[in-house]
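Observations on the three-dimensional arrangement
The primary structure of each chain is shown beneath.
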Amino acid sequence: MKLSWKNFLLWSIPIIVISFFIWQGFFASTTNELNTNIANSRMTYGRFLEYLDMGWVKKVDIYDNGHTAIVEAIGPELGNRVQKIRVELPASAPELIVKLKKADVDLDAHPTRNTNALWNLIGNLLFPLFLIGGLAFLFRRSNNSTSGPGQAMSFGKSKALFQMEAKTGIVFDDVAGIDEAKEEFEEVVTFLKQPECFTAVGAKIPKGVLLVGPPGTGKTLLAKAIAGEANVPFFSISGSEFVEMFVGVGASRVRDLFKKAKDNAPCIVFIDEIDAVGRQRGTGVGGGNDEREQTLNQLLTEMDGFEGNTGIIVIAATNRADILDAALLRPGRFDRQVSVEVPDYKGRLAILNVHSKNKKIDKDVSLSIIARRTPGFSGADLANLLNEAAILTARRRKNTITLNEIDASIDRIVAGMEGTSLTDSKSKRLIAYHEVGHAIVGTLLKDHDEVQKVTLIPRGQARGLTWFTPSEDQSLISRSQIKARIMGALGGRAAEEIVFGDTEVTTGASNDLQQVTSMARQMVTRFGMSNIGPLSLENEESNPFLGRGMGSSSEYSDEVAIKIDKQIQFIVKECHEKTLQIIRDNRVVIDRLVDLLIEKETIEGEEFRQIINEYTPVPDKEVYVA
Ligand code: ADP
Ligand code: MG
Ligand code: ZN
């Protein structure tokens, strides 16, 4: 038994002390009922007897083996109010009871609890002993078993704080859409399976691979797949689990983890969220964190400590490599970096294929439509989407998942829960105009994404929604595309203004306006799309070690700041005027679309375009340019 008695003794001393005080408090609270019941005023025994004779005593409570009484009495001296008074009784006053009985006074005697000193002492000893016994029990359990509730007490012994999977059961085929990363790792699998091929020619097997990518893109999955393909055990721990309250615990956990890994080599050690320990040292508001640094140092020591050919490959995951300590990225440590990106259309289709295998999806559903509707979704989002759709299907008591359930799930994931729709009212009409405003501006502008649907069914915070089908390539956006987006976002407010007048506009556009401002600002300060010229005046990245905004140092003079504001106002004003014009020009069809929307609650993009087409030619959209 590797029970650390040193540890045990260390912990039992404070516990004895603490429990002594707890016990004292507990004991005191039971015996001091008398004290809490206490009257501040006192009277002598003689006076009490007088009161009794006068019939002024209402109630007598006897405490303390008959030594003290709390008397409730009323009398002229007491201001004619019932008051509690304390009376010390003489050692023996047998005649008192008789007197009280005669006077028909409410009498109560309270048995005293064990005030006996011996009992007190035993109690004080027993309670901590009991606690220590419990503690020892916990220690025993945590040392005898590798799992179960006992481990909470095994400070520093990372018995349960890293997981070990002998077989992950995940293969490369389960990972889709991130082919480059997969290829990179096929080599690692060969290292693990046939190290002799490499060592024979003097090649050093890499020790560490860093997986970088946004959450949910399949980093953990990929690491498990490597272990699964190579048929080696998989040890995993999360960086945040290293960071402990107690200094030194994290480091000892790293030591344990690597010790176990060496015993089980070849194997994969996976460190998730390594940025939690691996941040650049000596940075951060409020100085460094000793514990984190010790943990990081231990990790570096361990990685240097094992020879390249022991068959341990450390895979770490993070969503930001830029904040990692340079020492971690040095050759011989995590010198290989593999980035995993949010999947593109093809990737999403492949991931949907993997996750639809075990689901009953209607044969009419084409996964490519789903893939098209979900730009920006990570692998985890897509897996979640299909699961949500399956749950919805079961709730609707259908046999197969149809496009309807999938659509509803996408909407829900993107915009939140569906609310109950408004009853017909003025505000419903206003929301309808607002949404149709967004949709018509979006439809008539050449460079705007296509309208997918307009709906008055509230979702999340939004009271109505216009959905656009985003174009696939979002990486390069032209100036007129951004302006089209600004105008589209202004469409809602513009419709409110034209239809209801300036005084009736609502707060409903606040979100739109936020987007408008941010887009216009970026045009000026980041993309060089204003009269100020091609200058980069602000960076997208805020300082990762400061809160948002805190680190955004302005790299321009106050004069330029004024210019920036002017340019932003200029862009927004121009877009706003153009948007108002579109609404004015198309008022007839807008009124018709609003009536239809209020009646149907949702208009699909195709129908929407057809109706507009009857008035203004949509397909060539030559009419309006942003
Ligand atoms: P990360 O570690 O990058 O945050 P995970 O590997 O934990 O993401 O992914 C969570 C889940 O999402 C996986 O278990 C899997 O079901 C799904 N998933 C994510 N990416 C992919 C992918 N590329 N292929 C298949 N499934 C994926
Ligand atoms: Mg993960
Ligand atoms: Zn809006």
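Thresholds, definitions, all that
- Residues numbered from 1 in each chain as written.
- Chains lettered and ligands numbered in written order.
- Predicted model: local features only at pLDDT ≥ 70, side-chain atom pairs only at ≥ 80, totals over all residues.
- Heavy atoms only, no water.
- Salt bridge = Lys/Arg side-chain N within 4 Å of Asp/Glu carboxyl O.
- Helix = DSSP H or I, 4+ residues; strand = E, 2+ residues; numbered from the N terminus.
- Buried < 20%, exposed > 50% of the residue type's maximum accessible area, 1.4 Å probe, protein only.
- Donors = N, O, S within 2.8 Å, 3.2 Å for Na, K, Ca; no water.
- UniProt positions renumbered as here; feature names shortened; annotations may be inferred.
- Contact = heavy atoms within 4.5 Å.

This next bit is on the pattern of salt bridges. According to the stated counting rule, one finds 28 salt bridges in the structure shown. For Arg373, the salt bridge identified is with Asp407, shortest N-O distance 2.3 Å. Highlighted residues: Arg373 in helix α14 (residues 367-373) and Asp407 in helix α16 (residues 403-415), separated in sequence by 34 residues. Owing to a relative accessible area of 14%, Arg373 belongs among the buried residues under this scheme. Across the salt bridge formed by Arg373 and Asp411, the nearest N and O atoms sit 3.0 Å from each other. With Arg373 in helix α14 and Asp411 in helix α16, this residue pair connects regions lying 38 residues apart in the sequence. Take Asp411: its relative accessible area is 4%, and that puts it in the buried class. Here the residues in one salt-bridge network are Arg373, Asp407, Asp411 and Lys453, joined through shared partners.

Here the zinc ion (ligand 3) is held by His434 (NE2), His438 (NE2) and Asp512 (OD), and the distances to it run 2.0 to 2.1 Å. We note that the donor set of the zinc ion (ligand 3) lies within a single chain, spaced as H-x3-H-x73-D. Of the two residues, His438 is situated in helix α17 (residues 426-444) and Asp512 in helix α19 (residues 510-525); the sequence distance between them amounts to 74 residues. When sorted by exposure, His438 lands in the same class as Asp512, which is buried.

What follows concerns the UniProt feature "binding site: ATP" (unreviewed entry) in the protein chain. As recorded in UniProt, the sites labelled "binding site: ATP" (unreviewed entry) are Gly213, Pro214, Pro215, Gly216, Thr217, Gly218, Lys219 and Thr220. Inspection of the secondary structure assignment puts Pro215 in the loop between β7 (208-212) and α8 (219-230). With a relative accessible area of 57%, Pro215 lands in the exposed category. When neighbours within four sequence positions are excluded, Pro215 is seen to be in contact with Asn319 and Ser378. Relative to the helices and strands, Gly216 resides in the loop between β7 and α8. Gly216 sits in the partly exposed class, given a relative accessible area of 29%.

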